[in-house]
Every structure is written in C-alpha cells, then in structure tokens.
Amino acid sequence: MTSSFLLMTFAICKLIIAVGLNVGPSELLRIGAIDVDGHFTVHPSALASVSSDFGMLRSPEEPLAVLHPSSAEDVARLVRTAYGSATAFPVSARGHGHSINGQAAAGRNGVVVEMNHGVTGTPEPLVRPDEMYVDVWGGELWVDVLKKTLEYGLAPKSWTDYLYLTVGGTLSNAGISGQAFHHGPQISNVLELDVVTGKGEVMRCSEEENTRLFHGVLGGLGQFGIITRARITLEPAPQRVRWIRVLYSSFRVFTEDQEYLISMHGQLKFDYVEGFVIVDEGLVNNWRSSFFSPRNPVKISSVSSNGSVLYCLEITKNYHDSDSETVDQEVEILMKKLNFIPTSVFTTDLQYVDFLDRVHKAELKLRSKNLWEVPHPWLNLFVPKSRISDFDKGVFKGILGNKTSGPILIYPMNKDKWDERSSAVTPDEEVFYLVALLRSALKDGEETQKLEYLKDQNRRILEFCEQAKINVKQYLPHHATQEEWEAHFGDKWDRFRSLKAEFDPRHILATGQRIFQNPSLSLFPPLSSSSAASW
Ligand code: FAD
C-alpha cells in the first residue's frame with residue numbers, strides 16, 4: 001500500500017460515525033468516521049479480493065469498503081452505523097469466501113467485514129481443558145482451532161472435510177463431515193455464541209441465555225447476527241487414524257452397510273463414515289482420491305464393475321499409540337459385518353491431524369496446476385433415505401452419464417443428532433444422505449467439463465427430484481425466489497422470518513444470501529414478481 005493510500009484509508013476510518021446517521025453509505029464513507037481499533041480499507045486489491053468467492057460463478061461486484069475488525073465492538077460500531085443510517089446499507093461478514101454463489105458479498109453499496117484475513121488483535125483461541133471447550137473468534141479458521149487445541153491434547157469433535165473454512169462460516173450453515181452421524185453437525189457442538197445483531201447490539205446467547213437467537217443463528221445463513229465468538233466442545237484428541245476404503249458394485253448393499261455403520265453408537269464403531277460415487281475411472285485417482293495413489297493405484301477394471309457405477313465406502317477408526325494392537329482387532333470385527341467386494345480393501349494409517357487436513361494437500365496439488373481457482377458449480381443436497389435408491393437410478397446411473405468433473409460424495413446422517421430448534425433444514429426422515437456434487441469447470445476442457453454443461457446438469461438434477469417428488473433440501477442453499485426460500489425452510493419459515501424482524505429488522509446482514517429484500521437497497525436483481533408482491 002502506498003503512504004498516500006494509507007492516509008486516505010485512515011481518513012475513512014475516522015469518518016463515518018462522527019457525521020451522524022442521516023446520509024447514505026457513500027457519503028458516510030466520504031465524510032464520516034467510524035472509530036474502530038481495526039481498520040477500513042478501500043484499496044482496490046482489498047475490494048477485488050472480497051468481491052469474488054470459491055464458486056467463481058458470479059461477476060465480481062466490489063463493495064464500498066472492507067472492514068478488518070479487531071474486536072466484536074468494531075463490528076458492532078459498523079453495524080450500528082449501517083442500521084442507523086437513512087438508507088441502511090448492507091454489512092456482510094466474510095469468512096474465508098468459500099461460498100459458491102456470492103453468499104458473503106455485500107453488493108455495491110455495502111461493507112464487507114473480513115472476519116479472517118488480516119485480523120489485527122482479534123482474540124486467540126482460548127482453551128479451557130478443565131471445562132473441555134475452546135472459545136474462538138468467529139473468523140478463526142478451523143485448522144487454527146485444531147492446532148491450538150492439540151497443544152492441550154484436545155480437539156473439536158465434529159468437522160468439515162476441509163479445514164480452511166471459518167468457524168462463523170460453517171456454523172452459519174451446519175458444518176458436516178463423516179463424524180456427523182455420531183456427534184451431529186458442528187452446530188450441535190456449540191455451547192455459547194457472541195453475536196452482533198443487525199441493530200449493532202453485542203449479545204451473548206446459549207441454551208440458557210437468549211435461546212431463540214442462539215438456535216436461530218446456528219444454521220441461520222448469517223441472517224440474524226455476525227458471530228464474533230463461539231464456544232466449541234472438545235474431546236481428547238486421538239493420535240492416529242486407520243483409514244479404510246472399500247468398493248461396492250451394488251448401491252443397495254453399499255447403502256445398507258453405510259446405514260448399518262451409522263446406527264452404531266457404542267464403543268466399538270467406526271469414527272467417521274463417508275463414501276463416494278465412481279462413474280468413471282478418471283475419478284478414482286482424482287484429487288479426493290489421492291489416497292489410492294501413487295503407492296496404491298486402482299484399476300477400476302480389476303474390480304469387475306463391467307463399466308458401470310461403483311461406490312466407495314470410506315471409514316476411519318481413531319486410536320492412540322498405546323492402542324495400536326487392539327485397533328487391528330477392532331477394525332477386523334467391524335469389517336466382518338460389511339459386504340464390500342472382498343478384493344477391494346485399501347488401508348492407510350496416518351496421524352489424526354494429517355487425516356483431518358487431507359483436502360488441503362489436494363488443494364496444494366490443484367493450485368500447482370492452476371486448477372483450484374476455476375468455477376465450481378457445486379450442488380449439495382440432503383436426500384431422504386427412503387428415496388436414495390431412486391436418486392441413484394435417476395442421477396448417478398442416469399443424468400451424470402460417465403463423466404463427472406469432480407468428486408461426488410454420499411453419506412448418511414442421523415436426524416436425531418441435529419437440533420430441530422436450529423435454523424438448519426434437513427429432510428423429514430430419521431436418516432438422510434448428503435449428496436455433494438463437487439465439480440470444477442474448465443474453460444478449455446471437453447464439453448462435459450464446461451461450466452454451462454455442469455450448470456445445466458445441476459438444473460436437470462433438481463428438476464428430476466421435483467418431478468419424482470424426492471423431497472431434497474439443499475445444503476449451502478441457493479434459491480432465486482421468495483417462494484423457493486419459503487419452501488426450503490418449510491415449517492421453519494415463520495420462525496426464521498420473525499427472527500429476522502426481531503434481530504435484523506432493516507435487512508442489513510448477509511444480503512448475499514438473497515433471502516430477504518430491503519426495498520431501500522437495490523443491491524441485487526429483484527426476485528420474481530410474484531415473490532416481490534409478498535414483500
Ligand atoms: P463464507 O463463504 O465467507 O461465508 C458464508 C456465509 O456465512 C455468508 O453468508 C457470510 O456472510 C456468513 N458468515 C461468514 N462468517 C460469518 C460470521 N462470523 N457470522 C455470521 N455469518 C457469517 N461444508 C461442510 O459443511 N462440510 C465440508 O466438508 C465442506 N467442505 C468444503 C470444502 C471446500 C474446498 C469448500 C470450498 C467448501 C466446503 N464446505 C464444506 C462449505 C463451507 O462450509 C461453506 O463454504 C461455508 O460458507 C464456510 O465458508 P467460509 O468460512 O469461507 O464462509
């Protein structure tokens with residue numbers, strides 16, 4: 001940054017609050033001052049870096065300014081100003097920008113709060129081993145939470161597959177991985193939150209205090225407040241992981257085994273249950289599957305799939321070095337109950353931290369080939385157990401054809417591990433599956449790798465579910481109209497809307513989710529005319 005630019009930025013920092021609240025955001029930025037301990041910036045590179053996301057599906061739209069807060073109070077000062085200003089400008093928290101459809105954007109008239117990048121003076125994770133929890137800043141990356149808690153021999157219980165996501169970002173959705181069947185999603189493992197509401201109040205909430213806000217914020221897509229602190233439960237950290245993959249050619253047998261595994265909750269069970277679909281040989285050695293290679297390359301033809309779809313079950317058993325002898329026996333007992341193709345067992349053994357951080361290795365590999373920063377038309381669906389075989393026939397064996405352009409994860413979860421009072425939405429069945437179509441589009445690739453092709457395929461998958469009356473729910477949802485959002489939330493919609501009226505009445509927060517429209521903000525294209533009529 002040049003010194004003149006730093007001066008300009010400094011001037012902006014001093015501006016906003018001092019001028020009062022009856023001016024628009026651009027005027028505020030020009031003339032006002034919000035007195036923050038962190039800093040605002042309007043540097044072009046900062047504006048550019050927050051105007052796109054991992055999905056790379058939208059044209060970048062630069063906000064007015066970016067706040068790098070150093071405390072919850074900094075965030076609160078900005079939101080209070082936005083709330084009190086005549087035209088109530090938008091404020092969006094941005095975690096690590098790993099959304100797909102601009103969910104962390106604030107639009108041209110808004111301010112983005114960079115919860116993660118360049119944090120200056122935000123609190124370090126504070127581990128309380130006696131109470132088995134850690135207090136973390138909302139913009140902390142999960143990988144840093146892990147590093148800190150491991151210093152005490154402890155770790156959070158529930159994860160995402162990838163750790164370079166922020167605590168506030170995943171708790172605004174749910175945060176799921178192969179541990180969710182047993183521990184529930186990450187939102188089921190939170191004891192307390194500090195939240196800056198859409199009125200700029202800093203509120204503490206938990207099961208005992210401000211309960212409605214607590215449950216509303218968890219899975220709340222950033223609509224009711226910006227999470228500045230979360231208290232996460234911990235367990236003694238395992239040291240090592242036995243990581244096993246086995247193949248199936250029958251979808252029925254594959255899902256029966258997965259469902260059996262997630263029904264186990266005693267001492268003797270696997271600790272992580274996931275799986276993925278293999279529709280073409282390319283996939284098995286792709287980025288998610290580096291597991292198999294180079295020491296362990298898999299020839300699909302050697303597993304007798306007759307060119308059809310294969311399913312890979314992925315399971316782990318955690319253990320301590322001192323239990324290395326019993327782990328073999330435990331795995332053997334558990335595996336005996338499964339009905340995979342006998343010649344298809346692939347096993348590896350690694351440190352717990354390396355297992356949790358596995359996707360980052362793949363990221364580095366893709367980055368080195370310029371294949372990370374490409375459009376990601378991802379589609380994540382929760383599919384009810386009763387219809388998963390129809391989904392298999394229609395999508396895995398139908399719409400997908402034999403090229404997928406990325407991993408397709410599939411694993412079941414138990415609904416009773418999700419708190420119905422949270423804002424997260426799941427199908428109305430005791431067991432449901434996550435199906436994650438994690439595809440990358442290539443500009444110069446084959447037709448089946450192009451963005452338009454993949455987007456069209458997503459559209460066809462959703463259409464198929466609708467026609468076949470498979471009541472899927474989108475995870476990391478993206479909907480275009482008010483009717484779609486109402487249908488998405490179903491029974492939870494009335495409560496969601498009333499929480500919005502209570503905690504963000506001027507519709508300032510997380511406008512990039514495009515759930516609520518503020519008539520005084522013209523940030524995004526309007527919703528459909530019928531939905532607009534109801535607002
Ligand atoms: P952002 O994308 O920056 O923000 C997401 C939303 O949350 C926005 O609306 C934003 O305004 C809001 N928000 C951000 N911070 C806060 C805060 N502090 N308070 C309130 N609202 C906030 N998800 C899983 O559940 N399981 C996985 O295994 C998984 N794997 C992934 C792997 C990769 C490679 C990627 C790119 C994503 C993965 N995700 C996974 C999805 C991830 O959970 C979402 O992208 C999520 O949005 C978190 O990303 P983020 O921290 O970058 O948040």
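Residues numbered from 1 in each chain as written. Predicted model: local features only at pLDDT ≥ 70, side-chain atom pairs only at ≥ 80, totals over all residues. Heavy atoms only, no water.

Undergrad: How do you make sense of the packing of aromatic side chains when you look at a structure like this?
TA: Within a pair of aromatic rings, the relevant descriptors are the distance that separates the centres and the angle that separates the planes. On inspection of all chains with the given rule, the structure shows 24 aromatic pairs. Taken together, a centroid distance of 5.2 Å and an interplanar angle of 35° make the contact between Phe 382 and Tyr 475 tilted. Here the residue Phe 382 occupies a position in strand S15 (residues 379-384), and Tyr 475 occupies one in the loop between strand S18 (473-474) and helix H16 (482-489), the gap between them amounting to 93 residues. With relative accessibility at 11%, the residue Tyr 475 sits in the buried group. When the ring of Trp 493 is compared with that of Phe 516, the centres are 5.7 Å apart and the planes differ by 15°; the resulting orientation is stacked. Taken together, the positions of Trp 493 in helix H17 (residues 493-503) and Phe 516 in the loop between H17 and helix H18 (529-533) put the pair 23 residues apart, joining distant regions of the chain. Take Trp 493: its relative accessible area is 4%, and that puts it in the buried class. Judged by relative accessible area, which is 6%, Phe 516 ranks as buried. Taken together, the ring pairs connect Phe 224, Trp 485, Phe 489, Trp 493, Phe 496 and Phe 516 into an aromatic cluster. The cationic tip of Arg 358 hangs over the ring face of Phe 355; the distance from NZ or CZ to the ring centre is 4.1 Å. (Phe/Tyr/Trp six-rings, centres within 6.5 Å; stacked < 30°, edge-to-face > 60°. Helix = DSSP H or I, 4+ residues; strand = E, 2+ residues; numbered from the N terminus. Buried < 20%, exposed > 50% of the residue type's maximum accessible area, 1.4 Å probe, protein only. Lys NZ or Arg CZ within 6 Å of the ring centre and 35° of its normal.)

Undergrad: Would you mind showing me how to read the site of the ligand here?
TA: In the neighbourhood of the ligand, 33 residues make up the surrounding shell, with Ala 93, Gly 95, Ser 99, Thr 166 and Tyr 475 lying closest. In the environment of the ligand, an oxygen atom lies 3.0 Å from a nitrogen or oxygen atom belonging to the backbone of Gly 97. A distance of 3.2 Å is found between a nitrogen atom of the ligand and a side-chain nitrogen or oxygen belonging to Ser 172. Within the complex, the protein chains bury 96% of what would otherwise be the 950 Å² of accessible surface of the ligand. When grouped by side-chain class, the residues that make up the shell around the ligand number 13 nonpolar, 18 polar and two charged. (Near = heavy atom within 4 Å. Polar contact = N/O pair within 3.5 Å; in protein donor to acceptor, adjacent residues only side chain to side chain. Areas by Shrake-Rupley, 256 points an atom, 1.4 Å probe, with all protein chains shown as cover. Nonpolar A, V, L, I, M, F, W, Y, C, P; charged D, E, K, R; others polar.)

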